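Each chain, written out:
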Amino acid sequence: MKSLLMACTAILMSCAGTTTSQQKLSDMQQKAELLVTNSQGGAEQPGFRIIKDEKEYLALGKVGFQVIEEGKDAASNYPKFPKDKKVIVYNLGSFRSGSHSINEIKGVYVKNNVLYVEVPAGEPSGGMEIQVLSNPWFVFAVPANYQFTSVELKYSK
């Protein structure tokens, strides 16, 4: 009887621990902020880098091929640089056709030093497409206390 009571207690404790970690995970998923997205101007290979300051952030406006109003700098259209968050620029790589831009972040979390970024899965357009080379990239912010060594996109519906 005593071992049965201990087994039930262990099961309840493990369920309580799972609920807590899931709650923390859902809290973290709400803290990503998409700042800038562009379908051109990124690197040929997927990868990320952390933006250190506002000067580096604003320099991204000069990299992309954006259509802007005459006389205005592309960086002036960017949201303000968040000083209390970690800002990341992520290059999706090179694509030959289709739309691969990221326009929404559903959530983020860190697991085993990997920052997982959940984004909507692209819808296949089907049929013949014009072959256009694109190098999409996007900039997003996460809480400053997130510690990670790599970033991985997770596509979801």
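Up top is the structure.
Parameters at a glance
Residues numbered from 1 in each chain as written. Predicted model: local features only at pLDDT ≥ 70, side-chain atom pairs only at ≥ 80, totals over all residues. Heavy atoms only, no water. Helix = DSSP H or I, 4+ residues; strand = E, 2+ residues; numbered from the N terminus. Buried < 20%, exposed > 50% of the residue type's maximum accessible area, 1.4 Å probe, protein only. Contact = heavy atoms within 4.5 Å. Areas by Shrake-Rupley, 256 points an atom, 1.4 Å probe, with all protein chains shown as cover. Pairing = 2+ DSSP bridges. Axes fitted to C-alpha atoms, helices over the stretch in contact; angles between N-to-C directions. Polar contact = N/O pair within 3.5 Å; in protein donor to acceptor, adjacent residues only side chain to side chain.

S.K.: How would you summarise the overall build of the protein chain if you had to cite specific residues and measurements?
M.R.: Counting its regular elements, the protein chain contains 2 helices and 7 strands. Going through the 157 residues of the protein chain one by one, you find that 30% of them count as buried. Of the contacts formed within the protein chain by residues at least 6 apart in sequence, a portion of 83% connects residues at least 24 apart. Total accessible area computed for the protein chain in this model is approximately 10500 Å², and 56% of it derives from carbon and sulfur atoms.

S.K.: Report on the sheet that holds strand β1 (residues 33-38), specifying residues and quantitative values.
M.R.: Backbone hydrogen bonds are what pair the strands of a sheet, in a parallel or an antiparallel way. Here we have 4 strands laid out as an open sheet, ordered β1-β6-β3-β2, and antiparallel in their pairing. If you trace the sheet from one side to the other, it starts and ends with β1 and β2 (47-51), each paired once. Taken over all neighbouring pairs, the strand axes of this sheet differ in orientation by 20° on average, direction set aside. When β2 meets strand β3 (residues 85-91), the two strands line up antiparallel, connected through 5 bridges. Paired with F48 across the strands is Y90, a residue of β3.

S.K.: Account for the environment of N91, naming residues and giving values.
M.R.: Following the sequence through the fold, N91 ends up in strand β3. A distance of 3.2 Å separates a polar side-chain atom of N91 from the backbone nitrogen of A43.

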